[in-house]
Amino acid sequence: MPEVPYSKFKAEEAASNQGGYGAQPQGGGYPPQGGYPPQGGYPGGGVQPQGGGYPGAYQGGGPPPAGAYQGGGPPPAGAYQGGGPPPAGAYQGGGPPPAGAYPPQGGAPPPAGSVPKYSGEMPDDDVMDDPNRGETQPTAPPLEKMDHIGGYNNIGFSAHLLPPPSYDEATKPQPPEERQAIQNVPTITEQDAREALLGYVAEHCCYGKGAAEDLRFTDLISTSAFHYTLESFGEGRSTCWAYEPYSGQPIDGPHNGPAPGPWDIQASPQTMFQNSEQNFEVPHTASVKPCHDCFATGYVRCHRCFGRGRVRCNHCHGSGHVTRYHNGEHRHERCHWCHGCGRRECYTCHGHGMVVCKTCAGLRNLKCYIKLTVKWTNHVNDHIVERTPLPDHLIRNVSGQIAFEETNVKVWPINHFHEREINEASVRLINNHQFPSERILMQRHRVRIVPVTQCMYKWKNTESDFFVYGFEHHCYAPNYPQTCCCGCSIL
Ligand SMILES: [Zn+2]
Ligand SMILES: [Zn+2]
Ligand SMILES: [Zn+2]
């Protein structure tokens, strides 16, 4: 084993959890780019791995881990060769290649009990045990190893939004020939008003109900609030590369034909005007690649002991003994946690120094494909016309009469409502509902009429008012005269 300065090792150890097999190979290890061009078919033989399979992958770290590449079928053709042409017979045979071409066999996990021992370089000192030391998280394969898929340029591993192709002309809205008539709403009686107020008082534990029972109505002024709502139900699409452990699942790769465009894939929402999301694998974009994280061994260096298989004993801090104060004197005692060795086996890797690779779940290969995410969003905006002192927003959450409702691919602004402010709001909101990165599937707008009654009353020497609104007869009485539990009035 070559001598490596201790400080250098530390730096590498901190920078990489890959198992210390030397630097990550550059440009090798995966099927050469262009092995599956969408057009032109499959190159039969003679493909020269660029720069060799895994040049240097096991340099500086001794032999590869025991058990690697064993038990799961023959090594993948060409993948780990030193840079010469692939072995005779690899990639030949004329017919379409097996799905994905890279591993001829399914991705069976390494047999149980074959956990390799970490065999990279390691200084003799122990590391502090930290059970909370961050586990190695799965990582995305290097982008440059991804296939080139026609029509899907510049996509990465995070979502990339794809505006829809222009479609405006076909769906230009037309003014409707006939529109639904506007309906009106019922008014309330004095009894309704009093019951609503009593309900309101009951919800406030301190309020006295005497005023609500005894007050005398002087006037009930019935008005209507108008609530206009516009909904635009849009569909957005984005793509990104995705990967998952390869366990032999079907591979629909470019050999099956060119990939359909992102807006050519059929997708329809379960329910209109409701947010939802669905993911699809874009046909003909899948391939199998050796796992970049573990160099297709299924194991990576243990993140807890850094491959040592053991850690320093936390109890005695590695000394093997502890000092106890007993009967007035300090005594050295053997540490019973580590039996005096000052170190113990790593609980995470059970002494192997290696753990199962999270990226490929130990299956050594990854299925890579382009994922299409279709996201349906219901954009809602509204406008409330309410002319009493009742706070406008209270109208939004009570029921009323749906006076008008229209659903269309593109709705035409309301122009026949007797309240001009509603007609104006309709024009404004519809103009504002532009979503260039989405395709609008459907629009819906409606006007609700919500009854609001201003109830004027006299109680003792007080003259005041309260409001009853919505079909539920909700009450709003900020000036209620009897808000103290002892029944006195606060004026
Ligand atoms: Zn100990
Ligand atoms: Zn370990
Ligand atoms: Zn892996």
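Here's the deal with the overall build of the protein chain
Across its full length, the protein chain carries four helices and 15 strands. When contacts within the protein chain are restricted to residue pairs at least 6 apart in sequence, those whose partners lie at least 24 apart make up 83%. Total accessible area on the protein chain stands at roughly 25000 Å², and carbon and sulfur atoms take up 51% of it.

Notes on the coordination of the zinc ion (ligand 2)
Taken together, the protein ligands of the zinc ion (ligand 2) are C302 (SG), C305 (SG), C346 (SG) and C349 (SG), with distances of 2.2 to 2.3 Å. Around the zinc ion (ligand 2), the four donor atoms sit at angles spanning 105 to 117°, and that spread fits a shape best called tetrahedral. For the zinc ion (ligand 2), the donor residues sit on a single chain with the sequence spacing C-x2-C-x40-C-x2-C. We classify C349 as buried; its relative accessible area is 3%.

Observations concerning the pattern of salt bridges
Under the counting rule described, the total for this entry stands at 14 salt bridges. Its salt-bridge partner being D147, residue K289 comes within 2.8 Å of it at the nearest N-O pair. Pair noted here: K289 is in strand 4 (residues 287-290) and D147 is in the loop between helix 1 (6-15) and strand 1 (160-162), with a separation of 142 residues, a long-range link. The exposure class of K289 is buried, given its relative accessible area of 4%. With its nearest N and O atoms 3.7 Å apart, the salt bridge here joins K209 to E213. With a relative accessible area of 41%, E213 lands in the partly exposed category. A cluster of three or more residues bridged by salt bridges with shared partners is formed by D129, R304 and R344.

Here's the deal with the environment of A361
Turning to its location among the elements, A361 is positioned in the loop between strand 10 (354-356) and strand 11 (365-385). When the C-alpha atoms of A361 and C291 are compared, they prove to be 9.8 Å apart, with 70 residues separating the residues in sequence. Excluding anything up to four places from it in sequence, A361 contacts P245 and V356.

Thoughts on the coordination of the zinc ion (ligand 3)
Around the zinc ion (ligand 3), the protein supplies C291 (SG), C294 (SG), C357 (SG) and C360 (SG) as donor atoms, at distances of 2.2 to 2.3 Å. In this structure, the zinc ion (ligand 3) is coordinated by four donor atoms arranged in tetrahedral fashion, with angles at the metal of 104 to 115°. All donor residues of the zinc ion (ligand 3) come from one chain, and their arrangement in sequence is C-x2-C-x62-C-x2-C. Given a relative accessible area of 0%, C291 falls into the buried group.

Description of helix 2 (residues 190-202)
In this model, helix 2 (13 residues) spans 18 Å end to end at C-alpha, consistent with the 18 Å of a helix rising 1.5 Å per residue. Every buried residue belonging to helix 2 is among A193, A196, L197, Y200 and V201, and all of these are buried. Seen along its axis, helix 2 keeps its buried residues to an arc of 140°; they face one direction. Away from its buried face by more than 90 degrees, helix 2 exposes Q191 and A202. Each element contacted by the buried residues of helix 2 is listed here: helix 3 (210-214), strand 2 (216-245), strand 13 (439-459), strand 14 (462-469) and strand 15 (474-476).

A closer look at helix 4 (residues 420-432)
With 13 residues, helix 4 extends 19 Å from end C-alpha to end C-alpha; this agrees with the ideal 18 Å at 1.5 Å per step. Of all the residues in helix 4, the buried ones are I422, N423, A425, S426, L429 and I430. Viewed end-on, helix 4 has its buried residues packed into an arc of 160°, placing them on one side of the element. Within helix 4, the exposed residues directed more than 90 degrees away from the buried face are R420 and N432. Where helix 4 is buried, its residues contact strand 2, strand 11 and strand 13.

A short note on the side chain of N423
Position of N423 relative to the elements: it lies in helix 4. Given the relative accessible area of 12%, N423 is considered buried. With residues up to four places along the chain from it excluded, the contact list for N423 reads I414, N415, H416 and F417.

Focus on the environment of R237
In this structure, R237 sits in strand 2. For the pair R237 and P164, spaced 73 residues apart in the sequence, the C-alpha separation amounts to 7.9 Å. Excluding anything up to four places from it in sequence, R237 contacts H160, L161, L162, P262, W263, D264, I265, A267, L372, T373 and V374. At a separation of 2.9 Å, a polar atom in the side chain of R237 contacts the main-chain carbonyl oxygen of I265.

Here we look at the confidence of the model for the protein chain
Overall, the predicted model of the protein chain reaches an average pLDDT of 77, with 72% of residues at or above 70. Predicted confidence is poor over residues 1-107, with pLDDT under 50, and the contacts of this stretch with residues over four places away or in other chains come to 175 contacts. In the model, residues 487-491 has pLDDT below 50 throughout and makes nine contacts with residues more than four positions away in sequence or in other chains.

Quick word on the pairing of strand 4
Here strand 4 shows no split at all, with S287 and K289 on one side and V288 and P290 on the other all buried. Direction of pairing for strand 4 relative to strand 11: antiparallel, over a ladder of four bridges. Across the sheet, S287 pairs through a bridge with C368, a residue of strand 11.

Some words on the nonpolar core
Formed by 30 residues in total, the largest nonpolar core has its most connected members in Y152, V282 and I370. In terms of residues, this core owes the most to one element, strand 11, which gives six residues. Residues in contact with Y152, not counting those within four places in the same chain, are T239, A259, P260, G261, P262, I265, V282 and I370. Judged by nonpolar contacts, the second largest core, of 18 residues, contains Y200, A211, F217 and W459.

Conventions adopted
Residues numbered from 1 in each chain as written. Chains lettered and ligands numbered in written order. Predicted model: local features only at pLDDT ≥ 70, side-chain atom pairs only at ≥ 80, totals over all residues. Heavy atoms only, no water. Helix = DSSP H or I, 4+ residues; strand = E, 2+ residues; numbered from the N terminus. Contact = heavy atoms within 4.5 Å. Areas by Shrake-Rupley, 256 points an atom, 1.4 Å probe, with all protein chains shown as cover. Donors = N, O, S within 2.8 Å, 3.2 Å for Na, K, Ca; no water. Tetrahedral: all angles 85-135°; square planar, octahedral: opposite > 155°, others 65-115°. Buried < 20%, exposed > 50% of the residue type's maximum accessible area, 1.4 Å probe, protein only. Salt bridge = Lys/Arg side-chain N within 4 Å of Asp/Glu carboxyl O. Expected span 1.5 Å × (residues − 1). Arc of directions from axis to C-beta. Polar contact = N/O pair within 3.5 Å; in protein donor to acceptor, adjacent residues only side chain to side chain. pLDDT = per-residue confidence, 0-100. Pairing = 2+ DSSP bridges. Core = buried A, V, L, I, M, F, W, Y, C linked by side-chain atoms within 4.5 Å.

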